Amino acid sequence: MARGLTQVVMLGPDEFLVRRGGPEDDDVHVLHLRGDVVTRLDDTVAVAISRDRQWLARATAEGVVVSRGLADPAARTLPWPAGADRVVPETLDLANDGTSVVMASDVIGIWLLQGTGWTQLAPRPGVGLDEDGD
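Residues numbered from 1 in each chain as written. Predicted model: local features only at pLDDT ≥ 70, side-chain atom pairs only at ≥ 80, totals over all residues. Heavy atoms only, no water.

**Q** Whenever I open this one, the pairing of strand 11 (residues 109-114) confuses me. Can you help?
**A** Note on strand geometry: in a regular strand, side chains alternate between the two faces of the sheet. Relative to strand 11, strand 10 (residues 101-105) runs antiparallel, the two sharing five bridges. Following the sheet pairing, Val101 is matched in strand 11 by Leu113. Turn length for the strand 10-strand 11 hairpin, with the two strands adjacent in sequence and antiparallel, is three residues. Sheet topology note: the strand 11/strand 12 (residues 117-122) ladder contains five bridges and is antiparallel. Paired with Gln114 across the bridge in strand 12 is Gly117. (Pairing = 2+ DSSP bridges. Helix = DSSP H or I, 4+ residues; strand = E, 2+ residues; numbered from the N terminus.)

**Q** What am I meant to see in the pattern of salt bridges here?
**A** A side chain of one charge can pair with a side chain of the opposite charge if their charged atoms are brought near each other. Considering all chains together, one arrives at four salt bridges under this definition. Of the charged contacts, one joins Arg34 and Glu15 as a salt bridge, the two residues approaching to 3.8 Å between their closest N and O atoms. With a gap of 19 residues between them, Arg34 in strand 3 (residues 29-34) and Glu15 in strand 2 (residues 15-20) connect regions that are remote in the sequence. Within this structure, Asp27, Arg40 and Asp42 form a network of salt bridges that share partners. (Salt bridge = Lys/Arg side-chain N within 4 Å of Asp/Glu carboxyl O.)

**Q** For this particular structure, what's the right way to read the nonpolar core?
**A** One recurring pattern in soluble globular proteins: nonpolar side chains tend to sit buried together. Grouped together as the largest cluster of nonpolar side chains are 21 residues, with contacts concentrated most on Val64, Trp80, Leu92, Val101, Met103 and Trp118. Contributing elements (two or more residues each) for this core: strand 5 (46-49), strand 6 (56-59), strand 7 (63-67), strand 9 (91-94), strand 10 and strand 11. (Core = buried A, V, L, I, M, F, W, Y, C linked by side-chain atoms within 4.5 Å. Buried < 20%, exposed > 50% of the residue type's maximum accessible area, 1.4 Å probe, protein only.)

**Q** Just to check I follow, could you spell out the environment of Leu33 for this structure?
**A** With respect to the element layout, Leu33 can be found in strand 3. The class of Leu33 is partly exposed, set by a relative accessible area of 23%. Leu33 has contacts with Asp14, Glu15, Phe16, Val18 and Val38, leaving out every residue within four places of it along the chain. (Contact = heavy atoms within 4.5 Å.)

**Q** Honestly, the sheet that holds strand 3 in this entry has me stumped. Any pointers?
**A** Taken together, the four strands give an open sheet; going across it, the order is 1-2-3-4, and neighbouring strands pair in antiparallel fashion. The sheet is open, and its two edges are formed by strand 1 (5-12) and strand 4 (37-41), each paired on a single side. Neighbour-to-neighbour, the strand axes of this sheet turn through a mean angle of 20°, independent of strand direction. Pairing geometry for strand 3 and strand 4, over five bridges, is antiparallel. (Axes fitted to C-alpha atoms, helices over the stretch in contact; angles between N-to-C directions.)

**Q** Help me out: how do you make sense of a nonpolar patch on the surface in this one?
**A** A grouping of Leu5, Val8 and Met10 is seen on the molecular surface, where their side chains present a nonpolar patch of about 300 Å² in accessible area. Mapped onto the elements of the fold, Leu5 is located in strand 1. Residue classification places Leu5 among the exposed residues on the basis of a relative accessible area of 54%. (Patch = residues over 30% accessible without salt bridge, like charges linked within 9 Å, V, L, I, M, F, W, Y side chains within 5 Å. Areas by Shrake-Rupley, 256 points an atom, 1.4 Å probe, with all protein chains shown as cover.)

In structure tokens, the structure reads:
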């Protein structure tokens with residue numbers, strides 16, 4: 001399977017976070033690129049930055065870790081929805097408030113986190129799928 005860069009977050013003129021691989025890969029990982037130095041973030045499988053660039057989100061085994069920057073301590077860790085195993089979001093987005101997160105994954109669907117509670121947006125609980133699984 002091709003393992004391209006599936007997420008890129010620009011932190012500065014010569015500083016980036018990039019994800020190699022995606023949810024279907026066994027060895028998906030995020031790299032921190034700063035100038036010519038490359039560091040692997042072993043605990044991170046997806047990244048996002050708020051549009052106002054004030055908050056950074058990293059998807060880890062424990063949940064979504066939100067901080068003011070990569071070197072800053074976690075402001076909060078938002079645990080994954082109950083019953084969710086190995087969550088590797090296809091997409092991850094973080095609102096300017098640093099507390100609202102939306103993620104999408106073919107495995108667990110689309111989820112919105114506001115405050116401390118996750119809401120499943122799709123597939124809707126109790127709504128059946130059609131013959132094609134949509």
